[in-house]
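Overview (structure and organization)
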Amino acid sequence: MTGKPDPFSVPFGTILCDWMTTARANDGPYVYRGSPEPYGDLTISPAAHVLHYGSAIFEGLKAHRQADGSLAVFRLDSHVERMATSAALLRLPRIDPDTLRRMVIDAVEANSEEVPDPPGSLYIRPTLVGTDPDIGAAARPTRSALLYVVNSPVGDYFKGGVRPLTLLLETSIPRTVPQFGMVKCGANYAMALGVTLDSMAANEAIDQVLFATGDDITETGAANFFLADDERVITRRLDESFLHGVTRASVIELAQHLGYEVEERTIDPDELIDWAERGEAFLSGTAAVLAPVGTIIRDGMTLTVGDGQPGPNTMRLRQALVDIQVGAAPDPFNWRTPVRG
Ligand SMILES: *Cc1c(COP(=O)(O)O)cnc(C)c1O
């Protein structure tokens, strides 16, 4: 790890760890050799299914250094399960959860020396791509595939750490197509890139685009959306149209545990006007953790949420979540998987 930059001083995800795990499927189960290998380039055919027909999915989860120096992966099973679902929805070869679990744990253990202390963490990126060398397979699923896990030591996702974000409400252009919203696939990001870049170019204060096609607020480009006040936590009811965040599910469980009433339902943009007067808004995601929203721009009008600063309920939920992640609090939900540090 010598010679690598400090994760807090470079953009999220730009430092890659020395070790990775890989497994290939060839018309059968993924074959994992059972140990990590040095991080390096991968070989696939120029005709590989993924390069032509977009058969690419991924996950994003984190390992955190615990107070006692050991490491724990946060919600490993939920991420493995979601990746298996994404693979099935894109008709990629079936993922065996035990194999992927092992690949994640082996990679993290091999890279343990590179895990920064909190508030830093190790970002874990399992990836799966279709490798059939067949440019005629436009309407056929790939039968061979490459599954791999790479790691990246990370600091804060948003430049400047925890600070109130500015969101642009986008009501006409969708982030992705409705039936693919819940699939964690590269194509969704490709589709959202243009609208996100155009919005940011028009106003450099904008951190993220909040998608609300048909006046139905779902999520931003890579995080779920919440409203909160002293009594309640509100987020969009699950359906196929948006990504089912593991952080979202964690916030819901934690909020209930802390005595909040949780509402999963549709959120209309008009409700924001009302909410901004007295409540809070935040984003949730593995990379962003819980990120307070200070400003929402809608049809050129600027709406300040609360006093524009991080709200107390947002920060309370964020702290409760982080405390479990880093082992500063008990783990009543069994969210931590210990790995050798
Ligand atoms: C990954 C992702 C999220 C957040 O999911 P987490 O499991 O909480 O990290 C939200 N939206 C999109 C589009 C995503 O890809």
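Summarised in this report is the structure supplied together with it. It should be emphasised that the depicted structure is a prediction, and the values quoted were computed from it without experimental measurement.

End to end, helix α4 (residues 186-202) covers 25 Å across 17 residues, agreeing with the expected 24 Å (1.5 Å per residue, within 8%). The largest bend in α4 is about 35 degrees, located at L193.

A few words on the packing of helix α2 (residues 76-89) against helix α3 (residues 97-110). Where α2 contacts α3, the axes come no closer than 10 Å and their chain directions differ by 125 degrees. For the element pair α2 / α3, the angle class is oblique. As α2 packs across α3, the resulting crossing turns out to be right-handed. Along the contact surface, α2 presents L76, D77, V80 and M83, while α3 presents P97, L100, R101, V104 and I105. In terms of residue class, the contact of α2 with α3 is made up of seven nonpolar, no polar and two charged.

The local shell around the ligand holds 16 residues, among which K184, Y189, E219, T247 and T286 are the closest. Residue Y189 places a side-chain N or O atom 2.4 Å away from an oxygen atom belonging to the ligand. Between V246 and the ligand, the recorded distance is 2.7 Å, taken from a backbone N or O atom to an oxygen atom. Summarising the interface, the protein chains cover 97% of the accessible area of the ligand, which totals 380 Å² for the free molecule. Among the elements of the structure, α2 and α5 (246-257) are those that each provide at least two residues to the shell around the ligand. Taken together, the residues of the shell around the ligand sort by class into five nonpolar, seven polar and four charged.

Position of E271 relative to the elements: it lies in helix α6 (residues 269-278). Excluding residues that lie within four positions of it along the chain, E271 makes contacts with L227, I234, R265 and T266.

Moving on: α5. The terminal C-alpha atoms of α5, which comprises twelve residues, lie 16 Å apart, in line with the 16 Å expected from a rise of 1.5 Å per residue. Of all the positions in α5, only V246, T247, R248, S250, V251, I252, L254 and A255 are classed as buried. Trailing α5 by a residue or two, G259 shows a phi angle of about 95 degrees, which is positive.

Our focus in this paragraph is the packing of aromatic side chains. The description of an aromatic ring pair rests on the distance of the ring centres and on the angle between the ring planes. All chains considered together, the criterion is met by five aromatic pairs. Ring geometry for F12 versus Y123: centroids 5.1 Å apart, planes at 70 degrees, classification edge-to-face. Remark: Y123 occurs in strand β7 (residues 121-130) and F12 occurs in the segment before β1 (19-26); sequence separation between them is 111 residues. Judged by relative accessible area, which is 10%, Y123 ranks as buried. Measuring from centroid to centroid gives 4.8 Å for F226 and F282, while their planes differ by 10 degrees, and the two rings are stacked. Residue F226 is located in strand β11 (residues 224-228), and its partner F282 is located in strand β14 (residues 280-285); the two are separated by 56 residues in the primary sequence. For F226, a relative accessible area of 0% gives the class buried. Judged by its relative accessible area of 0%, F282 is buried. Put simply, the rings of F74, F333 and W335 touch in pairs and so form one group of aromatic residues. Taking the ring centre of W275 as reference, the NZ or CZ of R278 above it sits at 4.5 Å.

Right, let's get into the packing of α5 against helix α7 (residues 312-325). Where α5 contacts α7, the two axes come as close as 10 Å, and the packing angle between them is 105 degrees. Here α5 is positioned roughly perpendicular relative to α7, judged by the angle of their axes. On α7, the residues that touch T247, S250, L254 and A255 of α5 are L317, A320, L321 and I324. Taken together, the residues that form the contact of α5 with α7 break down as six nonpolar, two polar and no charged.

What follows deals with unusual backbone geometry. The peptide bond linking P118 to P119 adopts the cis configuration, its omega dihedral lying at 10 degrees. One can find P119 in the loop between α3 and β7. Phi at R91 takes a positive value of approximately 60 degrees, unusual for a residue other than glycine. Mapped onto the elements of the fold, R91 is located in the loop between α2 and α3.

Scoring rules and cut-offs
Residues numbered from 1 in each chain as written. Predicted model: local features only at pLDDT ≥ 70, side-chain atom pairs only at ≥ 80, totals over all residues. Heavy atoms only, no water. Helix = DSSP H or I, 4+ residues; strand = E, 2+ residues; numbered from the N terminus. Expected span 1.5 Å × (residues − 1). Bend = angle between axes of the 7 residues up to and from the residue. Axes fitted to C-alpha atoms, helices over the stretch in contact; angles between N-to-C directions. Parallel < 35°, antiparallel > 145°, perpendicular 65-115°, else oblique. Left-handed = near helix turned anticlockwise from the far one by under 90°. Contact = heavy atoms within 4.5 Å. Nonpolar A, V, L, I, M, F, W, Y, C, P; charged D, E, K, R; others polar. Near = heavy atom within 4 Å. Polar contact = N/O pair within 3.5 Å; in protein donor to acceptor, adjacent residues only side chain to side chain. Areas by Shrake-Rupley, 256 points an atom, 1.4 Å probe, with all protein chains shown as cover. Buried < 20%, exposed > 50% of the residue type's maximum accessible area, 1.4 Å probe, protein only. Phe/Tyr/Trp six-rings, centres within 6.5 Å; stacked < 30°, edge-to-face > 60°. Lys NZ or Arg CZ within 6 Å of the ring centre and 35° of its normal.

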